[in-house]
Amino acid sequence: MMHPTPASPVADIDAHTLKQWLHDGHEIALLDVREHGQYGESHLFYAAPVPYSRLEVDIVRLAPRRDARVVVYDNGGDDETAARAGRALASLGYTQVHRLKGGIAQWQRDGYAAFAGVNVPSKTFGELAEEVFHTPRIGAQELAARQQRGEDLIVLDGRPYAEYQKMSIPGGICCPNGELALRVHTLVKDPKTTIVINCAGRTRSIIGAQTLINLGVPNPVYALENGTQGWYLEDLQLEHGARRRYEDGVEAEALPALAERSAQLALRHGVPIVDATTVQQWLRDTTRTTFLCDVRSAEEFAQGSLPGAQHAPGGQLVQATDQYLAVRGARIVVFDAEGVRAPVTASWLRQMGWDASVLKEGARAMLTPATPRTDTPVVPMLSDAQLAAALQDGAQAIDIRPGMRYRAGHIAGARWSIRPRLDRLALDPARAVILLAEDAALAAWTAQDLRASGIVDIKVNTGTPASWAAAGIAQEATPNEPADSECIDYLFFVHDRHDGNKAAARQYLSWETNLVKQIDERELAGYRFAVP
């Protein structure tokens, strides 16, 4: 292992050391600091996607403890992204930052696997869960035939409402997995009614169906095999823009029985129920990371939550854990308002290998988390009218919105770039630079990088194509610019599987079902299934 020099706050570690660290039981945050498209093409199994372009914006939420072990990596070779990310983390006060020497390229040369796609640990868990629990499943053709015969069945879509609206099984009702324990009894009154849970692919169908089985729901329960993609591959019609969803209210008299059912599930899976005093101590513990996750609906979270809590709806927290937490070995404390949903979420998280607990007092707890902050650099903001005037005066417009958004339409003459590749721009330091962005904080950190390169006059505009048009600013579309190879923020991996590309849908489903064959023994041992 190499050690940091005075010029570098980041120590290099080799692949073999990293592999040991990932399984030594101590906290570690493994960060893939490349952009989303690069990450999705190939990444390490336990890596959390934290693109350098968003590093300071996201890191405190994903890895809040500044002295936790952190490892960053990039492509290797002449890629300097990890070095930049390491310096940025050190400047934020992270004290144990390491870089994977040689990046992902060296990792693979040393004989370790890399994985395509996203949310890989969660999706692998779903495939393993189906094997372990023998979760019942139903094919698309059989479900369609049963629907046509008018059989007594209901299709519940386990995805968030916005995703459900894009495409859904005809007649399906949106009830995200995290809401099932609380809502299914109002949606399905008859214990003889067959319940089919679906998602876009496989994971949430499996976990949703198995959730109901684990809760002891008396109905016949099935996971729709391959979800909406499987339905489409069988040449069956999907609905688009459906609006059916669960009712918000739950009768108060039903809550005690529902809470008891969830409590028994938590007990069977060894889920600790901890009080606010204990959680407060954990949050003040400087030797361990504790995540506080509100698993309720977006509407409930918007009405108010506990200080320092992040919104992590239960179904999505299980489905995409790496988007909410980047520190392996950390504590997770989940909570709701009624004691029905959080225990179910925690039961899955513990089987995934996480140290998950339920906050006894739920959303009523009195907590004062000491959440570390990152102060965003100050950068002047321009209105659309001021932007128009600045462009007339010869300002250089740099569009840092997503590459595909730039392709669809941008200010005429504006150049597209992304933060890790700013050094490719030939900017005139004597002229003003205007960053066109959707996120002011992201733009502020990008501006800091530009200042370090000698650009002094930098401003930000967060307008939209519509507001630019209203200000009389000319726009243009460039469908092939930036080129695919430059759009490192966009995941091309089977990106059109929901848009009529059957080959992409088949490739995605094959990828998902083959995940369990790619993991090694130590990765497999990280899961802890509680078999009845």
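Residues numbered from 1 in each chain as written. Predicted model: local features only at pLDDT ≥ 70, side-chain atom pairs only at ≥ 80, totals over all residues. Heavy atoms only, no water.

The name that an unreviewed UniProt entry assigns to the protein chain is Thiosulfate sulfurtransferase GlpE, with the source organism given as Achromobacter piechaudii.

Attention now moves to the overall build of the protein chain. The helix and strand tally for the protein chain stands at 22 helices and 22 strands. Here the C-alpha radius of gyration of the protein chain, 24 Å, is about what a compact globule of 532 residues would show, namely 24 Å. On the principal axes, the C-alpha backbone points of the protein chain span a range of 75 × 50 × 50 Å. When burial is assessed residue by residue, the protein chain has 55% of its 532 residues classed as buried. Contacts in the protein chain between residues at least 24 apart in sequence constitute 77% of all its contacts with a sequence separation of at least 6. (Helix = DSSP H or I, 4+ residues; strand = E, 2+ residues; numbered from the N terminus. Rg over C-alpha atoms; globule rule 2.2 N^0.38 Å. Buried < 20%, exposed > 50% of the residue type's maximum accessible area, 1.4 Å probe, protein only. Contact = heavy atoms within 4.5 Å.)

What follows covers the packing of helix H3 (residues 55-62) against helix H4 (residues 81-91). Running from N to C, H3 and H4 cross one another at 60°; their axes reach a closest spacing of 11 Å. Here H3 lies oblique to H4, going by the angle between them. Relative to H4, H3 is oriented so that their crossing is right-handed. Residue-level inspection shows Leu 55, Glu 56 and Ile 59 of H3 in contact with H4, the latter providing Ala 85, Ala 88 and Leu 89. Looking at the contact of H3 with H4, its residues break down into five nonpolar, no polar and one charged. (Axes fitted to C-alpha atoms, helices over the stretch in contact; angles between N-to-C directions. Parallel < 35°, antiparallel > 145°, perpendicular 65-115°, else oblique. Left-handed = near helix turned anticlockwise from the far one by under 90°. Nonpolar A, V, L, I, M, F, W, Y, C, P; charged D, E, K, R; others polar.)

Mapped onto the present numbering, the UniProt feature "domain: Rhodanese" (unreviewed entry) falls at residues 24-116, 149-240, 294-371 and 391-477. Annotation note: span residues 149-240, helix share 37%, strand share 17%, distance between end C-alpha atoms 23 Å. Segment residues 391-477 splits into 31% helix and 21% strand. End C-alpha atoms: 18 Å apart. (UniProt positions renumbered as here; feature names shortened; annotations may be inferred.)

Tracing the chain through its elements places His 311 in strand E13 (residues 310-311). In this structure His 311 comes out as partly exposed when scored by relative accessible area, which is 22%. Taking C-alpha positions, His 311 is 12 Å from Ala 363, a pair spaced 52 residues apart along the chain. If we ignore the near neighbours within four places in the chain, the residues touching His 311 are Asp 294, Arg 296, Ser 297, Ala 298, Phe 301 and Tyr 324. A polar side-chain atom of His 311 sits 2.8 Å from the main-chain carbonyl oxygen of Arg 296. (Polar contact = N/O pair within 3.5 Å; in protein donor to acceptor, adjacent residues only side chain to side chain.)

Cis geometry is adopted by the peptide bond preceding Pro 482, which originates at Glu 481 and carries an omega value of 5°. Phi is positive for Asn 119, which is not a glycine, with a value near 55°. By the element assignment, Asn 119 lies in the loop between helix H5 (103-109) and helix H6 (120-133). When its relative accessible area of 7% is taken as the criterion, Asn 119 is described as buried. Phi at Asn 226 takes a positive value of approximately 70°, unusual for a residue other than glycine. Residue Asn 226 is classed as buried on the basis of its relative accessible area, which comes to 18%.

As a further point, take the sheet that holds strand E20 (residues 433-436). An order of E19-E17-E20-E21 is seen for the four strands of this open sheet, with the pairing classed as parallel. Two strands in the sheet have a free side with no partner beyond their single neighbour: strand E19 (415-416) and strand E21 (458-461). Bridging between strand E17 (residues 396-399) and E20 involves four bridges; their strand directions are parallel. Residue Asp 399 lies in a different strand from E20, and its bridge partner there is Leu 436. Packing against the sheet, helix H17 (residues 384-392) makes contact with E17, E20 and E21, and its axis sits at approximately 135° to E20. Packing against the sheet, helix H19 (residues 440-452) makes contact with E20 and E21, and its axis sits at approximately 150° to E20. (Pairing = 2+ DSSP bridges.)

Grouped burial of nonpolar side chains is what soluble globular proteins tend to show. Leu 18, Leu 31, Ile 195 and Val 334 are the most contacted members of the largest nonpolar core, which has 110 residues in total. With seven residues, the single largest contributor to this core is helix H21 (residues 502-518). Apart from the residues lying within four places of it in its own chain, the contact partners of Leu 31 are Ala 48, Val 50, Ile 59, Val 70, Val 71, Val 72, Tyr 73, Leu 89 and Ala 326. Formed by 17 residues, the second largest nonpolar core is a distinct cluster that contains Val 379, Ala 437, Ala 444 and Ile 455. (Core = buried A, V, L, I, M, F, W, Y, C linked by side-chain atoms within 4.5 Å.)

Here Ser 510 is to be found in helix H21. Put simply, Ser 510 and Arg 328 are 182 residues apart on the chain and 28 Å apart in space, counted from C-alpha to C-alpha.

Okay, the confidence of the model for the protein chain next. Averaged over all residues, the pLDDT of the protein chain equals 95, while 98% of them reach at least 70. Counting interchain partners and residues more than four positions distant, the pLDDT-below-50 stretch residues 1-7 has 11 contacts. (pLDDT = per-residue confidence, 0-100.)

Let's shift gears to the pattern of salt bridges. Tallied over the full model, the rule gives 41 salt bridges. Here Arg 69 and Asp 24 are joined by a salt bridge, their closest N and O atoms 2.9 Å apart. Highlighted residues: Arg 69 in strand E4 (residues 69-73) and Asp 24 in the loop between helix H1 (15-22) and strand E2 (28-32), separated in sequence by 45 residues. Asp 24 sits in the partly exposed class, given a relative accessible area of 32%. (Salt bridge = Lys/Arg side-chain N within 4 Å of Asp/Glu carboxyl O.)

Going through the model one piece at a time under the given rule, you end up with 13 aromatic pairs. Considering the side-chain rings of Phe 125 and Trp 348, the 5.8 Å spacing of their centres and the 85° angle between planes classify their relative orientation as edge-to-face. Residue Phe 125 is located in helix H6, and its partner Trp 348 is located in helix H16 (residues 341-351); the two are separated by 223 residues in the primary sequence. On the basis of relative accessibility, which here comes to 0%, the residue Phe 125 falls in the buried class. (Phe/Tyr/Trp six-rings, centres within 6.5 Å; stacked < 30°, edge-to-face > 60°.)

Take the pairing of strand E5 (residues 96-100) next. Across three bridges, strand E1 (residues 11-13) lies against E5 in parallel orientation. Of the residues in E5, the one forming a bridge with Ala 11 is His 98. Between the parallel elements E4 and E5, the chain passes through H4 in a crossover that is right-handed. (Right-handed = clockwise from strand over helix to strand, strands pointing away.)

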